[in-house]
Amino acid sequence: MRHPRRLLALVSALALVTSLAAGCGGSDDSGGGNGLEKKDMKVASLPLVDGAALYIAQKQGLFKAEGLNVKIVPVQQSIKALPALKNGEVDAIAGANYVSFLQANEQGTLKLSILAEAATLTSNMMNVVVMPNSKIKTAKDLEGKKVAVNITNNIQSLTLDAILKANNVDPKKVNYVAIPFPQMASALQKGQVDAIHTVEPFLSDIEKKAGARVVVDGGSEPVTGLPISGFVSTQEFAKKNPKTAAAFQRAIIKAQKIASQDRKQVEGVLPGYAKIDAQVASVITLPGYPTSLSTTRMQQIADLMTSAGLLKQKPDLKSILFQPTS
């Protein structure tokens, strides 16, 4: 008669051991002892200086310290990663330009969640350049010419149009042509376009290798300091995984602080993911690396987009900017 009791005790003991073993972690996607909803994240990233913090965080173990395993997926244009983000193939995008994603949010393509800011525009980090023998000398000379941008009707044309207007140039007379950053130098050298609006590290590379000449400082007033890119995800991801999103945000902000305070740390990661040599990395113009997620700062890009007609109405930034609940 005692056997059923012994069997029950054995089953209870086994159940306890199994429960403890599961709580100690394993190969699943749970956050384990850190309480994260998921510990594995896939982050799409562009080969631009904007996303340096992602690689600094990876290199210095800042993600691991938060209990995260981050897999970086290289992409050439953030907009190409948008479908992957929407479908859950990646959890976030690093260095995503705000124009594309604020437009996608307004159009209902996805409900945007900005986890952290990546870069702000600085003088001479994104310039309009021409070949050394070009007849284009001033901003006014761009009227009637083909100018390459990474994506049309986006952050580059938005900021350049504002600069042109400030210099009494009609931006409607500029013919923007979409060419990915890595292919711009070739297009300019072959004469397929008259000028390119390129960004670091591609800017310094073509200046060094082809003697390209700056016509317009793409970071000049009235757009100096404008937020241009961020680390973005979806509201669905953030609501489903608030602790994971908060952990990612903490790691990125720590890395942003490192990037903003120690240029050598940025130079140390650029050759690997941006495919530029260390010498070029040491001389390129870096963007600003914001160390907080500022509604006031983000309102600047929202206002400029609205006034330029790229947004029909100002977005609700309170719902878009991710704020940890604890």
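About the cut-offs
Residues numbered from 1 in each chain as written. Predicted model: local features only at pLDDT ≥ 70, side-chain atom pairs only at ≥ 80, totals over all residues. Heavy atoms only, no water. UniProt positions renumbered as here; feature names shortened; annotations may be inferred. Pairing = 2+ DSSP bridges. Helix = DSSP H or I, 4+ residues; strand = E, 2+ residues; numbered from the N terminus. Axes fitted to C-alpha atoms, helices over the stretch in contact; angles between N-to-C directions. Contact = heavy atoms within 4.5 Å.

Under an unreviewed UniProt entry, the name given to the chain is Transporter substrate-binding domain-containing protein, and the source organism is Actinomadura physcomitrii. According to its UniProt record, the chain has this under Subcellular location (unreviewed entry): "Periplasm". Per UniProt, the chain carries the Sequence similarities (unreviewed entry) text "Belongs to the bacterial solute-binding protein SsuA/TauA family."

Visitor: Before we move on, can you summarise the sheet that holds strand S2 (residues 69-74) with the specific residues and values?
Guide: Taken in spatial order, the 5 strands make up an open sheet running S2-S1-S3-S10-S4, and their pairing is mixed. The strands lining the two open edges of the sheet, one partner per strand, are S2 and strand S4 (112-120). Across the sheet, the axes of successive neighbouring strands diverge by a mean angle of 25°, strand direction being ignored. Taken together, the 6 bridges between strand S1 (residues 40-45) and S2 define a ladder with parallel strand orientation. The residue bridging Ala-44 from the neighbouring strand is Val-73, located in S2. With respect to the sheet, helix H10 (residues 242-261) is in contact with S1, S4 and strand S10 (227-234), its orientation differing from that of S4 by roughly 5°.

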